[in-house]
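# Architecture at a glance
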Amino acid sequence: MNTQTAFRASILHFTDMPKSRSDTTSYQYWKDGLLVVADGKVVAVGDTAEIKKTLPENTQIIDYSGYLIMPGFIDTHIHYPQTEIIASYGEQLLEWLNNYVFPTERKFADKDYAKEVANFFLIELLRNGTTTALVLPSVHSVSVDALFESARRLQMCMISGKILMDRNAPEYLRDTPELAYTESTKLIKKWHKKSRFYYAITPRFAITSTEAQLEVTKTLLKENPDVYLHTHLAENIKEVEFVRELFPQYKDYTDVYDHYNLLGKRSIFAHGVHISDREFQRLIETESVVPWCPTSNFFLGSGLFDVNKAVKLNLRIGLATDVGGGSTFSMLRVLNEAYKVAALQGVALSPLKSFYYLTLGNAKALSLENQIGNFAQGKFADFLVIDLKSTPLLAFKAEHTKSLEDALFDLSILASDRAIKATYVCGELLHRREFDTTSFVHSN
Ligand code: GUN
Ligand code: ZN
């Protein structure tokens, strides 16, 4: 069966990184556009008047005129077991892990419980317009199974892998180098490149793995060169000091991971708030990726990521929520905080660049740009229908907003989950906002 469906709306997608504030060569925008989908993939996109001529007569057209269609957002670093401890009061990273995170992750030894949270988590992602994520589960293999099983039903593209941790954590959460090896190997066979899934070998961070376990991580990566490596790096000052005490023989935090050959194109090191010039250089040389987590870095008082330097030096970065350190699932609200971090560094993050990051940029950060991130023909039809007037204030402001860039900027600063009118994965409707605030306001 090859039945096509076409979606009509204003349509925006990026084809490249915007080089300047209004780089019109980096994106395509059709005020009255049509996105044609068949078998879960993009068949065509373009101007309605043009595309309509090419469609078979019986093609169903779903009309979202007045709304904006964009590719689904991608979150490059998020923890699903931390959904229930989002917005936990009063601590910085290491105390927060001990007091909130570890006791909560313990519950994920129970598959039924993990499944319940995984289902809620995925729905919350979709409600916020996120269709793909790089996700940390817990140390338990069943927590990986729970996530992938739930995501499989929804046909979502996901990257995840069991956390490895064998020290500096409660006994109940520790594995061993041997278990790290055998369990990860089993999970890679079970999930890597199955459905729309990829596996990430996931030592939590240098503090919670012994040298023996990091050695095993190196072996796992060598034996499975096309899986991802996912961990944390230099998020918090006390964390960096602790790493220096644990690994005095290495140049710095990045060098610990480097010693075990963990840097590379599919290696994702969340945060990088406190890294030296040398570490920047080493991450750049190895094409490693650093997810930038502004909401989390503010919430946990970790510091400001030097995004200006990262962009100037061509470090591969992504944007991420880092829930539950991050206090929102909304990538739009991440953009809001990202803008302020850049502003504090004297840089204005342009709205084009912001939305490039949420879509094609984050797809590139996860080496998934051949599958998702824009509407190139043959990519998965993961997309959002965005309401640019989702609150009375946005609706009011829209009357005075002239350009596409201004509309996108308003979206990034003033909007949140309410703006996501509908979320589609593989061309299937998975979320629809029941209540249209704007029509409610206007009908009263
Ligand atoms: N570093 C090690 N584990 C974690 C975690 O769960 N969240 C954050 N934000 N940083 C970490
Ligand atoms: Zn994290």
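Residues numbered from 1 in each chain as written. Chains lettered and ligands numbered in written order. Predicted model: local features only at pLDDT ≥ 70, side-chain atom pairs only at ≥ 80, totals over all residues. Heavy atoms only, no water.

### Some thoughts on the pairing of strand β6 (residues 130–136)
With respect to burial, β6 is a largely interior element, seven of its seven residues being buried. In the sheet, strand β5 (residues 73–79) pairs with β6 via five bridges, with the strands oriented parallel. Following the sheet pairing, isoleucine 78 is matched in β6 by valine 135. As defined by bridge partners, β6 adjoins strand β7 (residues 157–160) across four bridges and the pair is classed as parallel. (Buried < 20%, exposed > 50% of the residue type's maximum accessible area, 1.4 Å probe, protein only. Helix = DSSP H or I, 4+ residues; strand = E, 2+ residues; numbered from the N terminus. Pairing = 2+ DSSP bridges.)

### What to know about the packing of aromatic side chains
Tallied over the entire structure, the rule returns 22 aromatic pairs. Plain terms: the ring middles of phenylalanine 7 and phenylalanine 383 are 4.8 Å apart, the flat faces sit at 65 degrees to each other, and that makes the pair edge-to-face. Here phenylalanine 7, found in strand β1 (residues 4–14), pairs with phenylalanine 383, found in strand β14 (residues 383–386); they are 376 residues apart in sequence, far enough to count as distant. Residue class for phenylalanine 383 comes out buried when judged on its relative accessible area of 0%. A centroid spacing of 5.5 Å and a plane angle of 75 degrees characterise the contact between phenylalanine 108 and tyrosine 113, whose relative ring orientation is edge-to-face. Judged by relative accessible area, tyrosine 113 falls into the partly exposed class, the value being 22%. Through pairs of rings, three or more aromatic residues link up here, namely Phe7, Tyr64, Phe375, Phe383 and Tyr424. Positioned above the aromatic ring of phenylalanine 380 is the side chain of lysine 41, whose terminal nitrogen or guanidinium carbon lies 4.9 Å from the ring centre. One residue, arginine 266, lies across the ring of tyrosine 228, its end atom 5.0 Å from the ring centre. (Phe/Tyr/Trp six-rings, centres within 6.5 Å; stacked < 30°, edge-to-face > 60°. Lys NZ or Arg CZ within 6 Å of the ring centre and 35° of its normal.)

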